[in-house]
Amino acid sequence: MSIVFWILSFLTVLGGLAAVTLRNTVHCALAVAIAFAGLALLYLQLDAQFAGFAQILIYIGAVAILVVFAILLTRGSDTPTDGIFSRTWFAGTAIAAAVFAVLGWAVIQSVHALPHETAAPEVTVNQIGNALLGRYVLPLEIVALLLTASLVGAVMVAMHEKGESK
Amino acid sequence: MVSTLDQIFVLLKHWIVSLLPAVLQPVTGVVLSVVAIICVFPALFAISVLLERKGLGRMQNRIGPNRVGPLGILQPVADGIKSLTKEDIVPTNADAVVHFMAPVFLVVVVFMGYAVLPMGRNMTLVKMDAALLFYFAMGASTELAVFMAGWSSRNKYSLLGAMRAVAQMISYEVPLLLSSVSVVMITGSLSLDKIVEAQNQYTWGLPHWYIFTPWGCAAFVMFAIAATAETNRSPFDLPEGESELVAGYFTEYSGFKFAEFFLGEYVGMLSISGLGTTLFLGGWSAPLEVLGFVPSWIWFFSKVMLSICVMIWMRGTLPRLRQDQLMNFAWKFVLPFTLLILVDVVVWRFMGEGWLRWVVCSAILLIAYVGIGRSEMLRKKIGPRSYRYAE
């Protein structure tokens with residue numbers, strides 16, 4: 001495990017910890033964006049180009065903005081009075097550690113479940129495209145249906161609000 | 001001789017790298033290329049700022065800046081000195097850390113996009129398989145920087161400007177990506193080098209640039225519209241409109257931080273012009289086969305500066321779009337049209353060579369363009385222009 005991996009994992013963990021312990025909610029959202037960036041760099045370090053860039057494009061470019069908009073449109077963006085760390089920092093960190101323990105146990109157990117994996121595969125974007133439209137076309141279509149449903153739902157919610165205010 | 005001039009920067013880099021011991025060589029190669037990009041593109045930024053002010057001045061029937069050097073050439077130097085020496089005012093209530101990081105983040109992310117642009121034959125900084133995806137990932141991160149700037153100022157106008165800017169950038173990002181997907185579909189690769197090489201072929205002396213195909217022309221127009229909106233340029237510059245929002249998301253920034261936002265905007269313009277050149281205008285390839293002796297990097301930068309001139313021209317000519325007009329345009333015209341362009345690309349690809357596919361593809365696009373345009377106009381009840389004269 002190289003020095004690059006340690007630096008990147010330190011960045012990611014720092015982002016995650018900051019997201020759980022800071023008081024100002026928008027700062028927490030920006031810290032989560034740092035954690036996403038750290039994850040993307042870890043994917044790139046593992047030579048998964050498509051996963052890394054898609055992580056930046058989708059998580060930082062869309063999900064982080066969504067989180068920030070959600071915080072702004074509710075009351076979570078009031079300026080905090082004092083202190084940097086939130087009052088519930090211990091509970092947040094404990095829950096995050098518990099989730100990490102469960103996931104870590106599952107990942108370590110999976111090494112025994114797949115004993116035949118040897119070297120990392122060379123995956124190009126071409127192969128990902130072929131797999132998505134070949135072997136995994138049914139999950140792709142189901143996800144597309146899900147996205148269409150959420151889009152239609154969002155439009156309906158917005159329209160309904162406009163109708164009520166008239 | 002010709003190919004030496006073409007590869008002169010590559011050869012220069014190899015020569016400098018060979019002067020150093022072997023252990024330092026990879027790092028030095030990368031650092032040299034990065035330094036070259038950091039020197040060239042801010043210089044182009046200075047040129048385009050001057051070009052904009054003089055060009056807009058002439059379009060508005062006035063001379064632009066003409067005091068500082070002969071014909072005002074040293075105006076960018078004067079602007080730089082001014083912005084460096086101005087006081088950097090940070091509001092007391094502003095969120096100091098985020099307020100500081102927002103312009104830094106913007107400039108970093110905008111410069112990262114240059115890593116994958118092929119600026120000449122063998123002159124790409126990083127040759128990546130998923131280069132186009134990297135570029136769009138960096139473009140998406142710009143939105144977060146804009147939001148950080150607007151929110152951290154603790155100013156209602158800034159926040160409103162930032163919200164509008166982010167909404168506009170997200171809306172136009174989808175057509176931007178979809179019009180690039182049409183190019184990727186024909187080339188079969190996300191790598192920008194392969195896209196330029198696919199356009200570097202000539203038939204009867206004319207190049208195979210994608211803009212010369214029906215779907216390519218339509219996709220280029222949609223890309224240009226989306227690119228102008230992504231960089232918040234007129235006619236899509238409501239987020240920074242002076243008459244509406246003071247200065248939008250960079251109201252509270254003064255001195256060098258404002259200069260960083262300005263730099264970020266123009267460098268972003270150059271960057272996305274570079275991408276449009278690579279995808280549609282053939283990158284570094286020459287327009288005619290006989291002109292192949294001119295170095296490739298001259299062609300690339302000429303095309304980028306031509307795109308900048310067109311953007312400046314649009315700024316001087318078209319009025320600003322209102323926010324709802326802008327969003328309607330994005331979701332109701334540009335996005336459906338880009339989806340139709342994807343269908344058109346498929347028809348083009350599977351119809352085989354010949355004149356028939358030109359006719360069919362052009363017909364599909366023209367009928368759709370006229371159809372969608374007319375139906376939108378009918379909805380808004382826009383009739384022929386009527387004149388009223390003062391009595």
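Residues numbered from 1 in each chain as written. Chains lettered and ligands numbered in written order. Predicted model: local features only at pLDDT ≥ 70, side-chain atom pairs only at ≥ 80, totals over all residues.

A. Here's a closer look at the packing of helix H2 (residues 8–18) of chain B against helix H3 (residues 25–59) of chain B. Residue and element names in this part refer to chain B. Interaxial distance between H2 and H3 falls to 9 Å at its minimum, and their mutual angle equals 140 degrees. Considered as vectors, H2 and H3 are oriented oblique to each other. Relative to H3, H2 is oriented so that their crossing is right-handed. Residues Lys13, Ile16 and Val17 of H2 touch H3, and the partners they reach there are Gln25, Thr28, Gly29, Leu32 and Ser33. (Axes fitted to C-alpha atoms, helices over the stretch in contact; angles between N-to-C directions. Helix = DSSP H or I, 4+ residues; strand = E, 2+ residues; numbered from the N terminus. Parallel < 35°, antiparallel > 145°, perpendicular 65-115°, else oblique. Left-handed = near helix turned anticlockwise from the far one by under 90°. Contact = placed C-beta atoms within 7 Å.)

B. Expanded view of the interface of chain A and chain B. Tallying the contact residues gives 17 residues for chain A and 18 residues for chain B. Of all the secondary structure elements, the ones that give two or more residues to the side of chain A that touches chain B are helix H2 (25–45) and helix H3 (49–73) of chain A. Here the element with the most residues in the side of chain A that touches chain B is H3(A); it accounts for twelve residues. Taken together, the residues of the side of chain A that touches chain B break down into 14 nonpolar, three polar and no charged. (Nonpolar A, V, L, I, M, F, W, Y, C, P; charged D, E, K, R; others polar.)

C. Representation of helix H11 (residues 256–280) of chain B. All names here are of chain B. When the terminal C-alpha atoms of H11 are compared, their 35 Å separation across 25 residues agrees well with the 36 Å that a helix rising 1.5 Å per residue should span. Counting buried residues along H11, 19 of its 25 residues qualify, which places the element largely inside the surrounding structure. Gly282, located one to two residues past H11, shows a positive phi value of around 85 degrees. (Expected span 1.5 Å × (residues − 1). Buried ≥ 20, exposed ≤ 12 C-beta atoms within 10 Å, placed from the backbone.)

D. Fine view of the environment of A:Phe90. One can find A:Phe90 in helix H4 (residues 89–113). For A:Phe90, a count of 12 C-beta atoms within 10 Å translates into the label exposed.

E. Here's a closer look at the nonpolar core. One finds A:Phe36, A:Ala64, B:Leu133 and B:Ala162 to be the most contacted residues of the largest nonpolar core, which totals 116 residues. Per element, the largest residue contribution to this core is 16 residues, and it comes from helix H6 (residues 131–152) of chain B. Apart from the residues lying within four places of it in its own chain, the contact partners of B:Leu133 are A:Phe50, A:Phe53, A:Ala54, A:Leu57 and B:Leu190. (Core = buried A, V, L, I, M, F, W, Y, C linked by C-beta atoms within 7 Å.)

F. Region of interest: the environment of B:Gly55. Among the structural elements, B:Gly55 can be located in helix H3. Here B:Gly55 is in contact with B:Ile312 and B:Gly316, once residues within four sequence places are set aside.

G. Main features of unusual backbone geometry. Look at B:Asn61: it is not a glycine, yet its phi comes out positive at around 65 degrees. Locating B:Asn61 in the fold gives a position in the loop between H3 and helix H4 (75–85).

H. Representation of the packing of helix H5 (residues 96–112) of chain B against H6(B). Residue and element names in this part refer to chain B. One way to put it is that H5 packs onto H6 with a least axis distance of 8 Å and a crossing angle of 165 degrees. Considering their axes alone, H5 and H6 lie roughly antiparallel with respect to each other. Regarding H5 and H6, the two cross each other, and that crossing is left-handed. Note on element contacts: H6 touches H5 through Met138, Ser141, Thr142, Ala145, Met148, Ala149 and Ser152, opposite Val98, His99, Met101, Ala102, Pro103, Phe105, Leu106, Val109, Val110 and Met112.

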